[in-house]
Amino acid sequence: MDMQRSLNKAYSTSIESSRIAHSIGMTLDRFIKNNQNQFQYASGELSQLLRDIALASKVVNREVNKAGLIDIMGAAGTTNLGGDQQQKLDVLANIRFTRALAKGGEVCALVSEESESFVDLNNSGKYVIAIDPLDGSSNIDVNVSIGTIFSIYRRKSAPGTPIRQDDIMQKGLEQVAAGYILYGSSTMLVYTTGHGVHGFTYETGLGEYFLSHPDMQIPDDGRTYSINEGLANSFDDAVKNYIGFCKDSSYTARYIGSLVADFHRNLLKGGIYIYPATAKNAMGKLRLIYECNALAFLVEQAGGKASDGQRRILDIEPESLHQRTPFYVGSKNMVEKAETFNQLTIDSNGLQNG
Ligand code: AHG
Ligand code: MN
Ligand code: MN
């Protein structure tokens, strides 16, 4: 018997370490299933919801990959092969995610960048989702990385009753899961349920996400700053001074203009992303509910920091659906350093006023 057991063990070890066919690792589905009991409400619905998002993202990935072809096909006529009107990718992505989530039945309401008010999915789902279906609009048509951002909340009202304001307007701290999909040189899905941050890379041949970046940690420090410096004339002194500090420190500037892509690079390598108040947008450009909250949850789970320059993003009580907030996110020490410049400005204003 013992002999048989050790033969079995040797056999499975040799299968696992075979150099003829390398192990392909763990699929997203398997990972979600294995970790399901970590959720506070381990009913399986959140797992299914994450799978719905993953599936919709595969469809969007396919559309993103043929974006150039859509233009070519569109030039021949205004309809595609299916006879549908050609749509811009961000509208397409919104339809794909909304449809997948509506069919799944776990989500009762959806907040999207593409819809002025929230969408009531008219079911007894227990979750509310906020989504930026396609992030990086200026990069959609030019073959540069774009993304999808999502936040998931538990509804407050009882399933089956009408959706209430407090189901929708929850602060970031109440997220039960959040993540993004990056349609880049490879496609990745990165998510957290409050137990670390895990990254999965899409294998197109098999049509599956595989765990490639378990337990991601952002370095405490970095030497990369990401900000649209073309707008620098309209930044306040604190931000101008911080950029001066970055230059004096010979930091490297990297700005893709797709929040997801800029965030992802800084998550892996260390760095800071800032979208501050500008002359055009007194509260910055980015949206609290479906852009900043998800990335703030992720970065904190990875050991980093996210603030509006002073306050922790996850503590902000939302007042409107499409509310904007200045956004500082990335390596802990870099965000803290940038915040000291705001503090200096406040202190010196205080002195001047006092
Ligand atoms: P979206 O495409 O969802 O509207 O978001 C675009 C955002 C974000 O992805 C990016 O970081 C930022 O806009 C870039 O803005 P600027 O062109 O003003 O730098
Ligand atoms: Mn966006
Ligand atoms: Mn968008």
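Residues numbered from 1 in each chain as written. Chains lettered and ligands numbered in written order. Predicted model: local features only at pLDDT ≥ 70, side-chain atom pairs only at ≥ 80, totals over all residues.

Student: Looking at this structure, I do not really get the site of ligand 1. What am I missing?
Tutor: The environment of ligand 1 is formed by Glu 113, Asp 132, Asp 135, Gly 136, Ser 137, Ser 138, Asn 228, Gly 257, Ser 258, Leu 259 and Lys 285. A class-by-class count of the residues in the shell around ligand 1 yields 1 nonpolar, 6 polar and 4 charged. Taken domain by domain, the makeup of the shell around ligand 1 includes at least three residues from each of domain 1 (25-213) and domain 2 (224-349). (Near = placed C-beta within 6 Å. Nonpolar A, V, L, I, M, F, W, Y, C, P; charged D, E, K, R; others polar. Domains from an automatic or database assignment.)

Student: What is the right way to look at the packing of helix H3 (residues 45-65) against helix H5 (residues 89-104) in this model?
Tutor: Remark: H3 packs on H5, axes separated minimally by 9 Å, with the N-to-C direction vectors making an angle of 155°. Judged by the inter-axis angle, H3 sits roughly antiparallel to H5. Taken as a pair, H3 and H5 cross one another with a handedness that is right-handed. Where H3 abuts H5, its residues Gln 48, Leu 49, Asp 52, Leu 55, Ala 56, Val 59, Val 60, Glu 63 and Val 64 lie against Leu 89, Leu 92, Ala 93, Arg 96, Phe 97, Ala 100, Leu 101 and Gly 104. Within the contact of H3 with H5, the residues separate by chemical class into 12 nonpolar, 2 polar and 3 charged. (Axes fitted to C-alpha atoms, helices over the stretch in contact; angles between N-to-C directions. Helix = DSSP H or I, 4+ residues; strand = E, 2+ residues; numbered from the N terminus. Parallel < 35°, antiparallel > 145°, perpendicular 65-115°, else oblique. Left-handed = near helix turned anticlockwise from the far one by under 90°. Contact = placed C-beta atoms within 7 Å.)

Student: How should I be thinking about unusual backbone geometry in this particular structure?
Tutor: In most cases, non-glycine residues show a negative phi, while peptide bonds are predominantly trans. In this structure, Asn 122 is a non-glycine residue whose phi angle is positive, near 50°. Within the secondary structure layout, Asn 122 lies in the loop between strand E2 (119-120) and strand E3 (127-135). Given 10 C-beta atoms within a 10 Å radius, Asn 122 is considered exposed. (Buried ≥ 20, exposed ≤ 12 C-beta atoms within 10 Å, placed from the backbone.)

Student: Which parts of the structure should I look at to understand the sheet that holds strand E10 (residues 252-253)?
Tutor: Ordered in space as E10-E9-E11-E13-E12, the 5 strands form an open sheet in which the pairing is mixed. The open sheet terminates on both sides in strands that have one partner only, identified here as E10 and strand E12 (305-307). Direction of pairing for strand E9 (residues 224-226) relative to E10: parallel, over a ladder of 2 bridges. Across the sheet, the residue bridging to Tyr 225 is Ala 253, located in E10. (Pairing = 2+ DSSP bridges.)

Student: Can you walk me through the sheet that holds strand E1 (residues 107-112) in this structure?
Tutor: Two modes of strand pairing occur in sheets, parallel and antiparallel, and in both the strands are linked by backbone hydrogen bonds. Taken in spatial order, the 8 strands of this open sheet run E2-E1-E3-E4-E5-E6-E7-E8, and their pairing is mixed. Since the sheet does not close on itself, it has two edges, and those belong to E2 and strand E8 (208-213), each with one partner. Bridge count for E3 against strand E4 (residues 146-154) is 7 bridges, and the pairing is antiparallel. By the bridge assignment for E4, Val 128 is matched with Tyr 153.

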